[in-house]
Amino acid sequence: MAKNVGGSPFESTGLAALDQKLAMAKRCSHEGVMAGAKAAVVASVATAIPTIASARWLPWAKANLNHTAQALIISTVAGAAYFIVADKTILAAARRNSFNKPSTSDV
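Here the residue numbering is sequential within each chain, running from 1 through the sequence in written order. Note on the predicted model: pLDDT of at least 70 is required for a residue's local features to be given, and 80 or more for side-chain atom pairs to be given and counted; whole-chain, interface and lining totals, by contrast, use all residues. Each side-chain value is worked out from all heavy atoms of the structure, with water and hydrogens disregarded.

Asks: How would you summarise a nonpolar patch on the surface if you had to cite specific residues and measurements?
Replies: Here the term patch refers to residues with relative accessible area over 30% and no salt bridge, with like charges joined within 9 Å and nonpolar side chains (Val, Leu, Ile, Met, Phe, Trp, Tyr) within 5 Å. The method behind every accessible area is Shrake-Rupley, applied with a 1.4 Å probe, and residues are considered shielded solely by the protein chains displayed. One side-chain nitrogen of Lys or Arg within 4 Å of one carboxyl oxygen of Asp or Glu is enough to make a salt bridge. Residues V41, V45 and I49 make up a contiguous nonpolar surface patch of roughly 290 Å² in combined accessible area. Strands are runs of DSSP state E lasting at least 2 residues, helices are runs of H or I lasting at least 4, and numbering of each runs from the N terminus. Mapped onto the fold, V41 is located in helix α1 (residues 15-57).

Below, the structure is given as structure tokens:
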């Protein structure tokens, strides 16, 4: 069998390397989910307050924004915040982990 000629521990095909890659991917995705959920909560509150207030006090909004429209505005902002922050967090974690070389004691 050929030895790891590239010198990169990420290129090894052993079961331990595969488990390490899987654990790193799970950790990155979990960080993204948690950051996205936090951003969605903050965005929901930050959007709900002015949306509901304007629907009560502004004549145009009172006439044109029913409860469904208000919920759609708030949920759209929350969903966008979740996906944007989760994506940026996962990419940042992957970039950070791509520069970290794991120990080569296993290889």
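Asks: Could you give an account of the packing of aromatic side chains, with specific residues and numbers?
Replies: Planes of paired rings set the category: under 30 degrees apart is stacked, over 60 is edge-to-face and the rest tilted, where pairs are Phe, Tyr or Trp rings (Trp by its six-membered ring) whose centres lie within 6.5 Å. Going through the model one piece at a time under the given rule, you end up with one aromatic pair. An angle of 80° between the planes, with centres 5.2 Å apart, marks the rings of Y82 and F83 as edge-to-face. By relative accessible area, which is 25% here, Y82 ends up partly exposed. Relative accessible area decides the class of each residue, using a 1.4 Å probe on protein chains only: under 20% of the type maximum gives buried, over 50% gives exposed, and in between gives partly exposed.

Asks: How would you summarise the environment of H67 if you had to cite specific residues and measurements?
Replies: You can see H67 is positioned in helix α3 (residues 67-99). A relative accessible area of 69% means that H67 is categorised as exposed. For the pair H67 and I52, spaced 15 residues apart in sequence, the C-alpha separation works out to 9.0 Å.

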